[in-house]
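Coordinates in review
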Amino acid sequence: MAPLFHAWRSAAAASERSAHPGAVGSGPHSRGDRRWQPVMAEEEPAVPILLRALQGLTLKDFQEFKMKLSEVHLEGGGKIPKDSLAKAAHPCALLSCMGKNYSKDVAMDIAIGVFREMNLGDLAEELLDEMVKEHKQKYKEHVVQGFLRYKEVNSCPGENLSIRSHFTSLTISRKPRSKREAVDISRGCADTSNGPATITTQALFNPDEDGQTPQVVVLVGAPGMGKTMTVRKVMVEWVEGTIYTQFDYIFCIDCKDIALPKEASVADLVSKCCPHRTVPVGKILEDQKRILFILDGFEALGFALVQPEEALSSDPAAVKPLEATLMSLLKKTLLPESSLLITTRPMALQVLGQCLEGEDYMEIVGFSGARREEYFHRYFGNDRKASVAFGFARANEILYSLCGIPIMSWTICTILKQELRKEKDLMECSKATSWMCVFYLSWLVKHRGRDNPRHLQRFLLKLCSLAADGIWKHRVLFEEKEIKARGLDQPDLLPLFLSEEIPRKGVDHGNIYSFTHLHLQEFFAAMFYVLEDDVEVVGDSRDITKDINVLLESYSGSRQDLNVTVRFLFGLVSQESREYMDNAIGCRTSPRAKEELLRWLQQRHRGTSQPGQGTKLSRLDAFHFLFEMNDKSFAQRALGGFSDLHLQDTKLTLYDQMALSFCIRQWPGLGSVTLQGCSFHQQDPKYEVAASVPRSDASDAGAHPGPIAEQPHEELHSPIDGLCRALQQPGSDLRVLRLQWCRLPESCCAALATLLTQHRSLERLELRDTALGDRGVRLLCQGLRQPGCCLRVLRLRYSRLTSACCKDLAAVLGTSPCLEELDLSFSEGLRDAGAELLCEGLQHRSCRLQTLRLGSCRLTGACCRALAARSPPLTCLDLSDNELGADGVLQLCRQLRSPSCPLRALGLSTAGLPQDALQDLAALRELKPGLEVGDLLEQDTPQTGAMARLPFHRGALPGRRVPPSLRRGALL
């Protein structure tokens, strides 16, 4: 009986299961020891098929069955007493007797063996088929239990996630063994438009172009690319019947499991995957074509798989060293018709290639753009928070690129989730790109090198030297001989940081290595300059010096490609990054670099200001560097020597605006902000980062009561909201704000109105080339009428204004105690009606306006009558580039002859005036020699391309003569 019984091996005798749930090595299943409940004659038997088999026996066979049953001896006891068997006179009683002594599976197993000894093979096969069928169902339930839910690194005790709701599909590219297709590491996800075809997980075992169905598939991916998660998804979807229905069984062997046996047969490995004490392994393995073995994490096996032919096995029950058994599966001497799916890091491809024949290679290259957003939504499980977090990442070009790596997406989501829990506005998020890469680094080395930080420090310094050398020399691929020369060939660490690619057949330069992503190479290159170097760097690093000033000066010169490296450098020297690297990773960084960075920033911008102007900061990258460090005191020191901000012809992304806002908040000496020809990227409202969560203390973010704060979030879609909030910082000394040729919409005026109300030091506001319109000016006037507004100069040139807004402006003129100059030039819709409304405001006792500019506003002589009749108290009136006619000019001259008229400058276009009007002007000049009369339109040249965007060109509308300013070529 023993040989028959042991044809179905007992899982209870197998080694302890691994931590990979449901894979080889899982702990014993509690249901395996559950006793088969005894039955009474009148009850429904627990195993109907065994009862039917017993009832079909002749009396002679029934007695023989009982006799052989009495001879069965199980390991550890379990023999049925003979007197109990003697009393079992009918099948139901015998079945009840067996149930009292054996578990259900053991009873079935014994019955099959007894029937075979009795030469009743048909009954044995019938019972075995039923047993296999039941086992398969239980196995699938066990797979779901083990693979459906998983625990993340940072999850709370008892908090398990479902693979169904959290798995995001990955981009997988077909990678033929004979070709080395380099992944575009600058993006993290391959650009497959002109490269290898991409496939889905469901199609890994589909026929190829030649109609051949692969039997062995190798799924390659760098650390953190999602190989194990993909395996989990495969196992669950197979149980659900949505993929791989051609397989009756899929067995997953977790190669990372430390509890793998040193010796095992394939039957042992199958038994370890199953939840029952007894497993019908022989029956399961009969149809090899319908079995798939998954080897997850092949690179972790850690032993030489190349075995001599005589060590290989063809017997599924033969117990051999584990490496020999696995090699037999790979070499197809064992179960040659079964299929294999092997996941591995690139480092193991060379060894694996020696074991396989006819394999297909696929590579996980990360998330596509659409899948990155899907991952955020699956991670947060909250559409609002997911959209805000993804908007933050999407706005940062570097972060968004890194999100192509699944583990980086997880890192970024984990950090942003913590920020959102603090009810933080992500526009002020202190966790910059460098911090997220540091957090990623800590994940890589979490279980490696911490016991010997000095060893890890040495390795990282060598790795960073390699990265820096590559950045300097524009190299992203490194040969194996260079890896060895630098002492990086350490199997416990190297695969964590570098991807390994097998060279084409016939090429003898060894393997090729690269960093998982170009930005990660730039990150490690920056680390090269800040890691403490108490160890000599091995390898060819003579061409690069660890002098941070050489890097900075090269970047200031011609090496603009070093921008990301320099940005990471600023992030790595922050106090938070330094402390985390020391405590969590065990790496010490130099504190000296911080002062060197400060000196470079301060000296870099010397000489960029014009004589008579304040010191000017005009490079956007400086703001990115300070935002990356996120050290307020450092930013204040760096910005303390500058008074003016001037950016020109810049497309400001949302992340640019975040960096700019952070620096403005730390810049109390900022007196003037000029943005010329700049555009503001406005994010989709569903990704809105600003005001993303409730603010417990508005003052912390520089927010103040006013038009902006009172509006609901849905209305805050102005592209300059972030800038205006930053400018409201208490203690700011801002006096001048110029937004010229920036094409601002009317929605910006609400933010500007609040700024005017809250910022008492703001004296001058210039808006040119905007689409403010009348509604926008009406919003702006709400701020201008507030008591806190101290604006002295307001210029709204090229703002598409009509007479409809002039009533609001007139009200401002009558109430503002400070406004001295109003410039509405190039508002061709203003016309005489608008000028007359403005005159009403000029007559108010509280009006302090001294300069009114209405050049090129389509005015006629009719407005001159209103101006002359009401005698406004102006010192400068600019009516240049308007067709006032002789009558209008004469009326102005009569008014100006009055000794009480304070006007000192009158802007007129005299071309085309009749002789009598010219004589009146000449007489006026003789009467008042201090009066300036002529074309006063300021020659403000638009930025490149700005004129093409304007709704009109100065004086160039049909039917109008070209004004003198254009004839002189002042603008062109």
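What you see is a predicted model; the values in this text were computed from it and never measured.

1. Notes on the overall build of the protein
Looking only at helices and strands, the protein features 40 helices and 27 strands. Residues classed as buried in the protein amount to 58% of the 972 residues present. Long-range pairs, those at least 24 residues apart, make up 79% of the contacts in the protein with a sequence separation of at least 6. Counting only carbon and sulfur atoms, one obtains 48% of the accessible surface of the protein, whose full area is about 39400 Å².

2. So, helix α9 (residues 227–240)
Between its first and last C-alpha, α9 extends 20 Å over 14 residues, near the 20 Å set by a 1.5 Å rise per residue. Within α9, eleven of the 14 residues are buried, which leaves it mostly tucked inside the rest of the structure. All of the buried residues along α9 are Lys227, Thr230, Val231, Arg232, Lys233, Val234, Met235, Val236, Glu237, Trp238 and Val239. Downstream of α9 by one or two residues, Gly241 has phi in the positive range, about 80°.

3. Some details on the pattern of salt bridges
Overall, the coordinates contain 43 salt bridges when judged by the stated rule. The residue Arg116 makes a salt bridge to Glu125 at a minimum N-O spacing of 2.9 Å. A relative accessible area of 31% places Arg116 in the partly exposed class. Ionic contacts of the salt-bridge type, sharing partners, join the residues Arg795, Arg797, Glu821, Asp823, Arg853 and Asp878 into one network.

4. So, the sheet that holds strand β6 (residues 249–254)
The sheet built from seven strands is open, its strands ordered β4-β3-β11-β5-β10-β8-β6 with mixed pairing. If you trace the sheet from one side to the other, it starts and ends with β4 (198–199) and β6, each paired once. Bridge count for strand β8 (residues 291–296) against strand β10 (residues 339–344) is five bridges, and the pairing is parallel. Its bridge partner lying in β10, Phe293 is registered against Leu340. Strand contacts of α9: β5 (216–220), β6, β8, β10 and β11 (360–366), with the helix running at about 155° to β8, the strand carrying the most contacts.

5. A closer look at the environment of His142
In this structure, His142 sits in helix α7 (residues 121–147). Classification of His142 as buried rests on a relative accessible area of 8%. Taking the C-alpha atoms as reference, His142 lies 7.5 Å from Cys274; in sequence the two are 132 residues apart.

6. Here's the deal with the nonpolar core
One finds Phe65, Phe115, Phe376 and Phe524 to be the most contacted residues of the largest nonpolar core, which totals 295 residues. For this core, the leading source of residues is helix α19 (residues 453–472), giving eleven residues.

7. Some details on unusual backbone geometry
In this model, Trp741 sits at a positive phi of 60°, which is unusual for a non-glycine residue. According to the relative accessible area criterion, Trp741 is buried, its value standing at 2%. Located in the positive-phi region is Arg831, a residue other than glycine, with phi close to 60°. In this structure Arg831 comes out as partly exposed when scored by relative accessible area, which is 43%.

8. Structural notes on the environment of Thr802
You can see Thr802 is positioned in the loop between β22 (793–797) and α34 (806–815). Residues Thr802 and Ala833 lie 31 residues apart in sequence; the distance between their C-alpha atoms is 9.0 Å. Once you skip the residues sitting within four places of it in the chain, Thr802 turns out to touch Asp774, Gly829 and Leu830. At 2.3 Å, the side chain of Thr802 and the side chain of Asp774 are in polar contact.

9. Brief notes about the sheet that holds strand β23 (residues 821–823)
The parallel open sheet is built from eleven strands, whose spatial order is β15-β16-β18-β20-β21-β22-β23-β24-β25-β26-β27. Two strands in the sheet have a free side with no partner beyond their single neighbour: β15 (616–617) and β27 (932–934). Relative to strand β16 (residues 644–648), β15 runs parallel, the two sharing two bridges. Each residue of the ladder has a partner; that of Leu617, found in β16, is Leu645.

10. Brief notes about the pairing of strand β18 (residues 672–676)
Within β18, five of the five residues are buried, which leaves the element mostly enclosed by the surrounding structure. Side chains Ser672, Thr674 and Gln676 of β18 all project onto a buried face; the interleaved residues Val673 and Leu675 project onto the opposite face, where all are buried too. Pairing of β16 with β18 involves five bridges; the strand directions are parallel. Bridged to Gln648 within β18 is Gln676. Alignment of β18 against strand β20 (residues 736–740), held across five bridges, turns out to be parallel. In the strand pairing of β20, Val673 is matched with Leu737.

11. Brief notes about the packing of helix α24 (residues 563–572) against helix α27 (residues 620–629)
At a closest axis distance of 7 Å, the pairing of α24 and α27 adopts a crossing angle of 35°. Where α24 crosses over α27, the handedness of that crossing is right-handed. Of the residues in α27, those touching α24 at Asn563, Val566, Arg567, Phe570 and Gly571 are Asp621, His624, Phe625, Glu628 and Met629.

12. What to know about the packing of aromatic side chains
Tallied over the entire structure, the rule returns 36 aromatic pairs. Centre to centre, the rings of Tyr440 and Trp443 are 6.4 Å apart; their planes meet at 20°, and the pair counts as stacked. Residue Tyr440 and its partner Trp443 are located together in helix α18 (residues 433–444), separated by three residues, close to a single helical turn. Taking the centre distance of 5.7 Å and the plane angle of 55° together, the rings of Phe627 and Phe662 count as tilted. Taken together, the positions of Phe627 in helix α27 and Phe662 in helix α29 (residues 654–665) put the pair 35 residues apart, joining distant regions of the chain. Accessibility classification places Phe627 together with Phe662 in one group, the buried group. One aromatic cluster is present, built from ring pairs that chain together Phe459, Phe478, Phe497, Phe515, Phe523, Phe524 and Phe568. Over the ring of Tyr400 we find Arg372; its NZ or CZ atom is 4.8 Å from the centre of that ring. Positioned above the aromatic ring of Phe528 is the side chain of Lys546, whose terminal nitrogen or guanidinium carbon lies 5.5 Å from the ring centre.

13. A few points about the pairing of strand β13 (residues 498–501)
Here β13 shows two buried faces, one formed by Leu498 and Glu500 and the other by Ser499 and Glu501. In this sheet, strand β14 (residues 512–515) lies alongside β13 in antiparallel orientation, the contact comprising four bridges. By the bridge assignment for β14, Leu498 is matched with Phe515.

14. Re helix α5 (residues 91–101)
Within α5, eight of the eleven residues are buried, leaving the element largely enclosed by the surrounding structure. Taken together, the buried positions of α5 are Pro91, Cys92, Leu94, Leu95, Ser96, Cys97, Met98 and Gly99.

15. Details of the confidence of the model for the protein
Across the protein, the average pLDDT comes to 78, with 79% of residues at 70 or higher. The lowest-confidence element of the protein is helix α1 (residues 2–5), averaging 32 in pLDDT; the highest-confidence one is β8, averaging 95. Predicted confidence for residues 176–195 stays below pLDDT 50, and this span has 51 contacts to residues more than four positions away or in other chains. Here residues 943–972 scores under 50 on pLDDT; set against residues more than four positions off or in separate chains, the count is 63 contacts.

Conventions adopted
Residues numbered from 1 in each chain as written. Predicted model: local features only at pLDDT ≥ 70, side-chain atom pairs only at ≥ 80, totals over all residues. Heavy atoms only, no water. Helix = DSSP H or I, 4+ residues; strand = E, 2+ residues; numbered from the N terminus. Buried < 20%, exposed > 50% of the residue type's maximum accessible area, 1.4 Å probe, protein only. Contact = heavy atoms within 4.5 Å. Areas by Shrake-Rupley, 256 points an atom, 1.4 Å probe, with all protein chains shown as cover. Expected span 1.5 Å × (residues − 1). Salt bridge = Lys/Arg side-chain N within 4 Å of Asp/Glu carboxyl O. Pairing = 2+ DSSP bridges. Axes fitted to C-alpha atoms, helices over the stretch in contact; angles between N-to-C directions. Core = buried A, V, L, I, M, F, W, Y, C linked by side-chain atoms within 4.5 Å. Polar contact = N/O pair within 3.5 Å; in protein donor to acceptor, adjacent residues only side chain to side chain. Left-handed = near helix turned anticlockwise from the far one by under 90°. Phe/Tyr/Trp six-rings, centres within 6.5 Å; stacked < 30°, edge-to-face > 60°. Lys NZ or Arg CZ within 6 Å of the ring centre and 35° of its normal. pLDDT = per-residue confidence, 0-100.

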